[in-house]
Amino acid sequence: MILLATDYGLAGPYVGQLRLVLGRLAPEVPVVDLQHDLPAFRPDLASPLLAAHLEWAQPGDVVVAVVDPGVGTDRRPLALQLDGIWLVGPDNGLFEAALRRARSIESYEIVWRPERLSPSFHGRDLFAPVAARLARGDRSGLAPAELTRFRDWPDDLPAIVYLDGYGNAWTGLRAASLGADTRLRAAGRTLERARTFGDVPAGTAFWYENSSGFAEIAVSGGSAAGALGLRPGDPVEIVAGDC
């Protein structure tokens, strides 16, 4: 399969053009839209989300991942193979969280260039064609390369990384790293942990482990983004359980 994870949004032509290229070059390979509302312009926030998505991928899959504020500059286009899964996208930290969790890593710079390469749409003109070729077993146009690493980025990011359609606020903190009595503080509010929405009264703000394994801030029957005024990038503090 070819899996797509971008900040393009579903409105407008970008996802459609990406899928059109893939359909022409690898029509036999299924294409799945994982997410197209990754945090725009913020590879640091998108990186943990992408790593979580890879838990659903399998060896042989190809992931086109694009959050690329430096498109058209001298940042390198990459193709990585992590535990048998290909990732194609920009060298800007987007792959950092996935790299830290991978057991085997092969890293390549994409040196192939198409006849037509828009300086502002490498997803369509560069990443999609390379992904189609990789999905068909063709590694041509790749050169072994050392990776740029972002080692100062935390393993667990204490910030809001995503707001879903319900107004739930995903943090970059993996819930497994937090104790059962841990509280989180965001937007001046201290939040208790609960198992799920129905375990707290309607209108109550709390946090829980979401289906992707992140600590997520929510309001039962409401919007955490609206009630607390949360936005991507807002800080989240870990509070000891007895505070």
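Rules used in this analysis
Residues numbered from 1 in each chain as written. Predicted model: local features only at pLDDT ≥ 70, side-chain atom pairs only at ≥ 80, totals over all residues. Heavy atoms only, no water. Pairing = 2+ DSSP bridges. Helix = DSSP H or I, 4+ residues; strand = E, 2+ residues; numbered from the N terminus. Axes fitted to C-alpha atoms, helices over the stretch in contact; angles between N-to-C directions. Buried < 20%, exposed > 50% of the residue type's maximum accessible area, 1.4 Å probe, protein only. Contact = heavy atoms within 4.5 Å. Phe/Tyr/Trp six-rings, centres within 6.5 Å; stacked < 30°, edge-to-face > 60°. Lys NZ or Arg CZ within 6 Å of the ring centre and 35° of its normal.

Caption draft 1: Region of interest: the sheet that holds strand E4 (residues 77–82). Reading across the sheet, the 7 strands line up as E2-E1-E3-E5-E4-E6-E7 and stay open at both edges, with mixed pairing between neighbours. The outermost strands of the open sheet, each flanked by one partner alone, are strand E2 (31–35) and strand E7 (142–144). Strand-to-strand twist of the sheet, defined as the mean angle between neighbouring strand axes without regard to direction, takes the value 25 degrees. With 4 bridges joining them, strand E1 (residues 2–6) and E2 adopt parallel strand pairing. Within E2, the residue paired with Leu 4 across the bridge is Asp 33.

Caption draft 2: Fine view of the environment of Ala 57. Within the fold, Ala 57 resides in the loop between helix H2 (43–53) and strand E3 (62–66). Given a relative accessible area of 11%, Ala 57 falls into the buried group. Here the alpha-carbon distance between Ala 57 and Ala 176, two residues 119 residues apart in the chain, equals 21 Å. With near-sequence residues (within four places) excluded, Ala 57 lies in contact with Leu 3 and Ile 85.

Caption draft 3: Geometry of the packing of aromatic side chains. Summed over all chains, the structure comprises 10 aromatic pairs. Pairing Phe 197 with Phe 206 gives two aromatic rings, centres 5.7 Å apart and planes at 85 degrees, and the pair type is edge-to-face. On the basis of relative accessible area, Phe 197 is assigned to the partly exposed category, the value being 28%. Through pairs of rings, three or more aromatic residues link up here, namely Tyr 8, Tyr 14 and Phe 121. The lysine or arginine in question, Arg 133, covers the ring of Trp 112, its NZ or CZ lying 4.6 Å from the ring centre.

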